[in-house]
Amino acid sequence: MASQTGSIVQQSLNALLEDKSFLQNLQDDAREQAFTSLAAILSTPNHVHKSFLRVPLDSGKVVRVPSFRVQHNDTLGPYKGGIRFHESVNEDEVVNLAALMTLKNALHEVPFGGGKGGVVINPREFSVKELHSICKKYVQYFSDILGPDKDIPAPDVGTGDREMDWMMAEYKSIRPGKPYRGSFTGKSVVNGGSLGRREATGKGVFFTLRYMLHDFLKENSKWLSGNDNIFGKTALSVANRPLKIAVQGFGNVGSVAALEAYQCTYLQNKVVAVSDRNVTLYNSEGLNIPALVSFTSKNGGDLPTTVEQLAECDVKADIEDRDEVLYLDVDVLILAALEDQVHKDNVQQVKAPVIVEGANAPITGEADTYLSKKGVIIVPDILANAGGVIVSYFEWLQGRETQFYSEQEVFKLLFDKMKVTMDTILPQFFGDPFPLRQNCYIHAVMKLSTILYRQGKLY
Ligand code: NAD
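Visitor: I'm lost on the site of the ligand in this one. Help?
Guide: The full set close to the ligand counts 24 residues, and Arg84, Asp156, Thr201, Asn252 and Val253 are the nearest of them. Here an oxygen atom of the ligand sits 2.9 Å away from a polar atom, N or O, in the main chain of Val253. In this structure, Arg277 approaches the ligand through a main-chain N or O atom, which is 3.0 Å from an oxygen atom. Taken by itself the ligand offers 830 Å² of open surface, and the protein chains cover 87% of this. Those elements that provide at least two residues to the shell around the ligand are α6 (197–219) and α8 (252–263). Here the residues of the shell around the ligand sort into seven nonpolar, eleven polar and six charged.

What follows is the structure, given as structure tokens:
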């Protein structure tokens, strides 16, 4: 497990070891021993599978593509996690992302374990036919370890419903007559996917922010007054003016979170900046997000990068450097691109008092410590970006029942589930000195530890 996740899991275990009311049957040497076992189990993946896919290219050449499936922990159910197509994929990254899935599912009480997959390619450099072949090969190489009750992949960076459809079809032909609908989630709706799955992560990211800044504080107004709580201060400071939001990354997660913010009627806000792999777009009066969504959908996912393209989609914005989005004077920064975007070399320039992690692990450990000491509220990935896996769970259930929910039902179920988690975590967070990330980890580790203990796995 990479250092930041590993060290927070260890800190959580240390805190729980001291809390004698937790697993109180375990005392003295037996307690020490059990917590040593827990550290060993939670810090190591169960399996790391690696293959070099043999892919024939359109040119007639054959290439070997490194690919991974990591199964971190299945204490709570079948392994679950996306498959990423990106040139920077590597084993450590996939292991860390799989561990985050274990914790995310435990935090939100989703009955899945943690897994993750990755293929080391830049998908933009391959034809549709070649990508189809890569997806089929991935399933062929890993088919023995995948399946609706074993390990259920979903989309991640560089993959979407098209890739999941291809992969499920290949799984079905490898195992004729066996259940297959639940083998992949994030499929297209016509192919057994859930309504609302594509939007689920971005909607969940914005819902988390809205719930914390609006619904929860409205119900718990004591947190608004008379203390140094920066959340209360932020909520108060924007009571009479729009909340200024910047979003890094304008893909599946970032574009939907930005659109949710733009359309939200609960919170007065404006999305003043968005960015992608090429550019930051800024307008202090707020950007026309629907126009940008429409532009990206017709232009391979990329935001406008020139004055002409901005005019074409009727958007008024300054064109800034790609990373400028991180350093703007805004109330909330939503990170929805990739890992390690805020790090020791740029963290001092980040001004937002509230940061929401739509991406997985977008802040390095060092930067996280620096920001937390400064009082910045970081809404961690495992809390904020669980919408995708929660709706994947609904998709998996719908596949089993062959009964499908309306989009309205899906979003209601999603927000109800995220609300239950936040109602558990937020009072603890406001009431004690741990950062929100550690509160979430402690809760997830408690859940996993209790089940491992009850299953007799600690000795
Ligand atoms: P995506 O491929 O749809 O979008 C990624 C976006 O980030 C694109 O707009 C891209 O241009 C931009 N980007 C890439 N490099 C960048 C850089 N250096 N600076 C700024 N922008 C950059 O991916 P996605 O599905 O939206 O996933 C984004 C993040 O959210 C990832 O960390 C992913 O693991 C996480 N996540 C995704 C889901 C999901 O359901 N898709 C669920 C949970 C977590």
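Visitor: Explain helix α5 (residues 161–174) here, please?
Guide: Side chains of residues three or four places apart in an α-helix project in the same direction, reflecting 3.6 residues per turn. The end-to-end C-alpha distance of α5 is 20 Å, a good match for the 20 Å that 14 residues give at a rise of 1.5 Å each. Every buried residue of α5 is listed here: Glu163, Met164, Asp165, Trp166, Met167, Met168, Glu170 and Tyr171. The elements touched by buried residues of α5 are β3 (79–85), α4 (128–142) and β5 (151–155).

Visitor: I tried to follow the nonpolar core on my own but got confused; where do I start?
Guide: Generally speaking, a soluble globular protein has its nonpolar side chains buried in company with each other. Ile245, Val274, Leu292, Ile334, Val356 and Leu414 are the most contacted members of the largest nonpolar core, which totals 94 residues. Looking at this core element by element, the count peaks at ten residues for α6. Dropping the residues within four chain positions of it, Ile245 is found in contact with Phe206, Leu209, Ala261, Asn269, Lys270, Val271, Val272, Ala273, Val330, Val332 and Ile334. Of all hydrophobic cores here, the second largest spans 23 residues; its members include Leu57, Val65, Phe85 and Ile134.

Visitor: Honestly, the side chain of Thr102 in this entry has me stumped. Any pointers?
Guide: By the element assignment, Thr102 lies in helix α3 (residues 91–107). For Thr102, a relative accessible area of 2% puts it in the buried group. Of the polar contacts made by the side chain of Thr102, one reaches the side chain of His72; its length is 2.7 Å. Setting aside chain neighbours within four positions, we find Thr102 in contact with His72, Asn73, Gly113, Gly114 and Leu448.

Visitor: Honestly, the sheet that holds strand β4 (residues 114–119) in this entry has me stumped. Any pointers?
Guide: Pairing between the strands of a sheet comes from backbone hydrogen bonds, and it takes one of two forms, parallel or antiparallel. Taking strand neighbours across the sheet as the criterion, the five strands line up as β1-β2-β4-β3-β5 in an open arrangement whose pairing is mixed. Strands with a single pairing partner mark the edges of an open sheet, and in this sheet they are β1 (47–56) and β5. Neighbour to neighbour, the strand axes of the sheet diverge by 20° on average, direction disregarded. Pairing of β3 with β4, which is carried by three bridges, proceeds in the parallel orientation.

Visitor: Explain the packing of aromatic side chains here, please?
Guide: How two aromatic rings sit relative to each other is set out by the distance from centre to centre and by the angle between their planes. Going through the model one piece at a time under the given rule, you end up with nine aromatic pairs. Here Phe112 and Trp396 contribute two aromatic rings whose centre-to-centre distance is 5.1 Å and whose plane-to-plane angle is 75°, an arrangement assigned as edge-to-face. Linking Phe112 in the loop between α3 and β4 with Trp396 in helix α13 (residues 387–401), this pair joins segments that are 284 residues apart in sequence. Relative to Phe394, the ring of Tyr393 lies with its centre 6.0 Å away and its plane at 40°, an arrangement referred to as tilted. With relative accessibility at 17%, the residue Tyr393 sits in the buried group. Each residue in the set Phe207, Tyr211, Phe216, Phe411 and Phe415 is aromatic and connected to the rest through ring pairs, giving one cluster. The side chain of Lys203 reaches across the aromatic face of Phe411, ending 4.4 Å from its centre.

Visitor: For this particular structure, what's the right way to read the pattern of salt bridges?
Guide: Between side chains of opposite charge, a pair can form as their charged atoms come close. Applying the stated rule across the entire model yields 22 salt bridges. With a shortest N-O distance of 2.6 Å, Lys412 and Asp416 are connected by a salt bridge. With Lys412 and Asp416 both in helix α14 (residues 407–431) and four residues apart, the pair spans about one turn of that helix. On the basis of relative accessibility, which here comes to 51%, the residue Lys412 falls in the exposed class. Overall, the relative accessible area of 36% leaves Asp416 in the partly exposed class. Measuring nitrogen to oxygen at the nearest pair gives 2.9 Å for the salt bridge that ties Lys419 to Asp423.

Visitor: Even after reading the chapter, I still don't get α4, so can you show me in this structure?
Guide: The first and last C-alpha atoms of α4 sit 21 Å apart over 15 residues, in line with the 21 Å expected at 1.5 Å per residue. Taken as a whole, α4 has its buried residues at Glu130, Leu131, Ser133, Ile134, Cys135, Lys137, Tyr138, Val139 and Phe142. Where α4 is buried, its residues touch β1, β2 (62–73), β3, β4 and α5.

Visitor: How do you make sense of a negative patch on the surface when you look at a structure like this?
Guide: Residues Glu18, Asp28, Asp29 and Glu32 make up a contiguous surface patch of negative charge. With three residues, helix α2 (residues 28–43) is the largest single contributor of residues to the negative patch. Locating Glu18 in the fold gives a position in helix α1 (residues 3–18).

Visitor: Where do I start with the domain arrangement of the protein chain in this structure?
Guide: Each assigned domain of the protein chain is listed here: domain 1 (1–44 + 433–459), domain 2 (46–181) and domain 3 (198–379). Computed from C-alpha coordinates alone, the two centres of domain 2 and domain 3 are separated by 29 Å. Facing eleven residues of domain 2, the contacting portion of domain 3 comprises eight residues. Carbon and sulfur atoms supply 41% of the area buried between domain 2 and domain 3, which totals about 630 Å² over both sides. Taken together, the connections running from domain 2 to domain 3 amount to two salt bridges. In this structure, Arg84 engages Glu339 in a salt bridge whose closest nitrogen and oxygen atoms are separated by 2.9 Å. Across the domain 2-domain 3 interface, the total number found is three residue pairs in polar contact (both at pLDDT 80 or more). Looking at the side of domain 2 that touches domain 3 element by element, the count peaks at five residues for α3. Across the side of domain 2 that touches domain 3, the residue classes tally to three nonpolar, two polar and six charged.

Visitor: I would appreciate a short explanation of the pairing of strand β6 (residues 243–248) in the present structure.
Guide: A regular strand carries its side chains on alternate faces of the sheet. Counting buried positions over the six residues of β6 gives five, a clear majority of the element. Bridge count for β6 against strand β7 (residues 269–275) is six bridges, and the pairing is parallel. Following the sheet pairing, Gln248 is matched in β7 by Ser275. Considered for its hand, the β-α-β crossover made up of β6, α8 and β7 is right-handed. Where β6 and strand β10 (residues 332–335) come together, four bridges link them in parallel fashion. Bridge pairing in β10 places Ile245 opposite Val332.

Cut-offs applied
- Residues numbered from 1 in each chain as written.
- Predicted model: local features only at pLDDT ≥ 70, side-chain atom pairs only at ≥ 80, totals over all residues.
- Heavy atoms only, no water.
- Near = heavy atom within 4 Å.
- Polar contact = N/O pair within 3.5 Å; in protein donor to acceptor, adjacent residues only side chain to side chain.
- Areas by Shrake-Rupley, 256 points an atom, 1.4 Å probe, with all protein chains shown as cover.
- Helix = DSSP H or I, 4+ residues; strand = E, 2+ residues; numbered from the N terminus.
- Nonpolar A, V, L, I, M, F, W, Y, C, P; charged D, E, K, R; others polar.
- Expected span 1.5 Å × (residues − 1).
- Buried < 20%, exposed > 50% of the residue type's maximum accessible area, 1.4 Å probe, protein only.
- Contact = heavy atoms within 4.5 Å.
- Core = buried A, V, L, I, M, F, W, Y, C linked by side-chain atoms within 4.5 Å.
- Pairing = 2+ DSSP bridges.
- Axes fitted to C-alpha atoms, helices over the stretch in contact; angles between N-to-C directions.
- Phe/Tyr/Trp six-rings, centres within 6.5 Å; stacked < 30°, edge-to-face > 60°.
- Lys NZ or Arg CZ within 6 Å of the ring centre and 35° of its normal.
- Salt bridge = Lys/Arg side-chain N within 4 Å of Asp/Glu carboxyl O.
- Patch = residues over 30% accessible without salt bridge, like charges linked within 9 Å, V, L, I, M, F, W, Y side chains within 5 Å.
- Lys, Arg positive; Asp, Glu negative; His and termini not counted.
- Charge placed at Lys NZ, Arg CZ, Asp CG, Glu CD.
- Domains from an automatic or database assignment.
- Buried area = accessible area lost by both parts, 1.4 Å probe.
- Right-handed = clockwise from strand over helix to strand, strands pointing away.

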